[in-house]
Amino acid sequence: MFRIILQLFWTYLQIGAFTIGGGYVMLAYVQREIVDKRHWMEEKEFLNMLALAQAAPGLIAVNTAIFVGWGVAKNYCKNSKLFTVGCISAAILGAALPSIVIILLIAIYAAGYKSLPTMEAIFKGVRPAVVALIAATVVRLARKV
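For the structure given in this document, a descriptive report is provided here. These numbers were taken from a predicted model, which means no experiment stands behind them.

### A closer look at unusual backbone geometry
- Phi at H39 takes a positive value of approximately 55°, unusual for a residue other than glycine.
- Structurally, H39 can be placed in the loop between α2 (23-37) and α3 (43-55).
- Note on H39: relative accessible area 58%, which makes it exposed.

In structure tokens form, the structure reads like this:
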């Protein structure tokens, strides 16, 4: 059971570290890892979880991590509250930790450089890529719904 908690943390850590643009961009990667690759949830269960995560208040990345952690715990060990808490906590921590570290580093080191033309160009270049990733996620999920 501890192995699954570590895998869940590692999976969300990778998703959080390599996803730029927020929680909606993250959804395609979460689906690929959780449903397609690791088979921790069925696709129908994932789509239901996604609807609940969107309806709940808060960040979609954190809400998705909560529901995926709960779903994985439910599918692997139905009666262990400690395992459920571990799965939910691992998913949340894995999803949030990269953003926290990156924001801290930016706040510490890059705040003085934001007015440089190179930094402005980088941020202008990232915006269209983020929009494209969100649009691709919406199209992929709309086809399945």
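Moving on from the model shown.
### Looking at the pattern of salt bridges
- Across all of its chains, the model carries four salt bridges by this definition.
- Between K37 and E33 there is a salt bridge, with the nearest N and O atoms lying 3.8 Å from each other. One end of the pair, K37, and the other, E33, are both in helix α2, four residues apart, so they sit about a helical turn from each other.
- The residue E33 makes a salt bridge to R38 at a minimum N-O spacing of 3.6 Å.
- Shared partners join several salt bridges into a network, and the residues in it are E33, K37 and R38.

### A look at the packing of helix α4 (residues 60-76) against helix α5 (residues 81-110)
- Contact pair α4 / α5: the axes reach a minimum separation of 8 Å and the direction vectors enclose 150°. In the crossing of α4 with α5, the sense of the turn from one axis to the other is right-handed. Touching A61, V62, A65, I66, G69, W70, V72, A73 and Y76 of α4 are F83, T84, C87, I88, A91, I92 and A95, all from α5.
- Across the contact of α4 with α5, the residue classes tally to 14 nonpolar, two polar and no charged.

### Here we look at α4
- The end-to-end C-alpha distance of α4 is 24 Å, a good match for the 24 Å that 17 residues give at a rise of 1.5 Å each.
- Of the residues making up α4, those classed as buried are I60, A61, N63, T64, A65, V68, G69, G71, V72 and A73.
- Tucked inside the fold, the buried residues of α4 contact α1 (2-18), α2, α3 and α5.

### Focus: the environment of I5
- Structurally, the position occupied by I5 is in helix α1.
- Residue class for I5 comes out buried when judged on its relative accessible area of 17%.
- Distance from I5 to R38, taken between C-alpha atoms, is 13 Å for residues 33 residues apart in sequence.
- Those residues in contact with I5 that sit more than four places away from it in its chain are F83, G86, C87 and A90.

### Things to note about the packing of α1 against α5
- Their axes nearest at 7 Å, the elements α1 and α5 cross at an angle of 20°. Taken as axis vectors, α1 and α5 run roughly parallel relative to one another. Relative to α5, the crossing made by α1 is right-handed. Together, I4, I5, L8, F9, Y12, L13, G16 and A17 of α1 and F83, G86, C87, A90, A91, L93, G94, A95, L97 and P98 of α5 make up the contact between the two elements.
- Its residues placed into classes, the contact of α1 with α5 shows 15 nonpolar, three polar and no charged.

### Digging into a nonpolar patch on the surface
- Nonpolar side chains collect at one region of the surface, where L93, L97, I100, V101, L104, L105, I108 and Y109 lie side by side and expose about 770 Å² of accessible area between them.
- Considering the arrangement of structural elements, one finds Y109 in helix α5.
- Overall, Y109 belongs to the exposed group, its relative accessible area being 59%.

About the cut-offs
Residues numbered from 1 in each chain as written. Predicted model: local features only at pLDDT ≥ 70, side-chain atom pairs only at ≥ 80, totals over all residues. Heavy atoms only, no water. Helix = DSSP H or I, 4+ residues; strand = E, 2+ residues; numbered from the N terminus. Buried < 20%, exposed > 50% of the residue type's maximum accessible area, 1.4 Å probe, protein only. Salt bridge = Lys/Arg side-chain N within 4 Å of Asp/Glu carboxyl O. Axes fitted to C-alpha atoms, helices over the stretch in contact; angles between N-to-C directions. Left-handed = near helix turned anticlockwise from the far one by under 90°. Contact = heavy atoms within 4.5 Å. Nonpolar A, V, L, I, M, F, W, Y, C, P; charged D, E, K, R; others polar. Expected span 1.5 Å × (residues − 1). Parallel < 35°, antiparallel > 145°, perpendicular 65-115°, else oblique. Patch = residues over 30% accessible without salt bridge, like charges linked within 9 Å, V, L, I, M, F, W, Y side chains within 5 Å. Areas by Shrake-Rupley, 256 points an atom, 1.4 Å probe, with all protein chains shown as cover.

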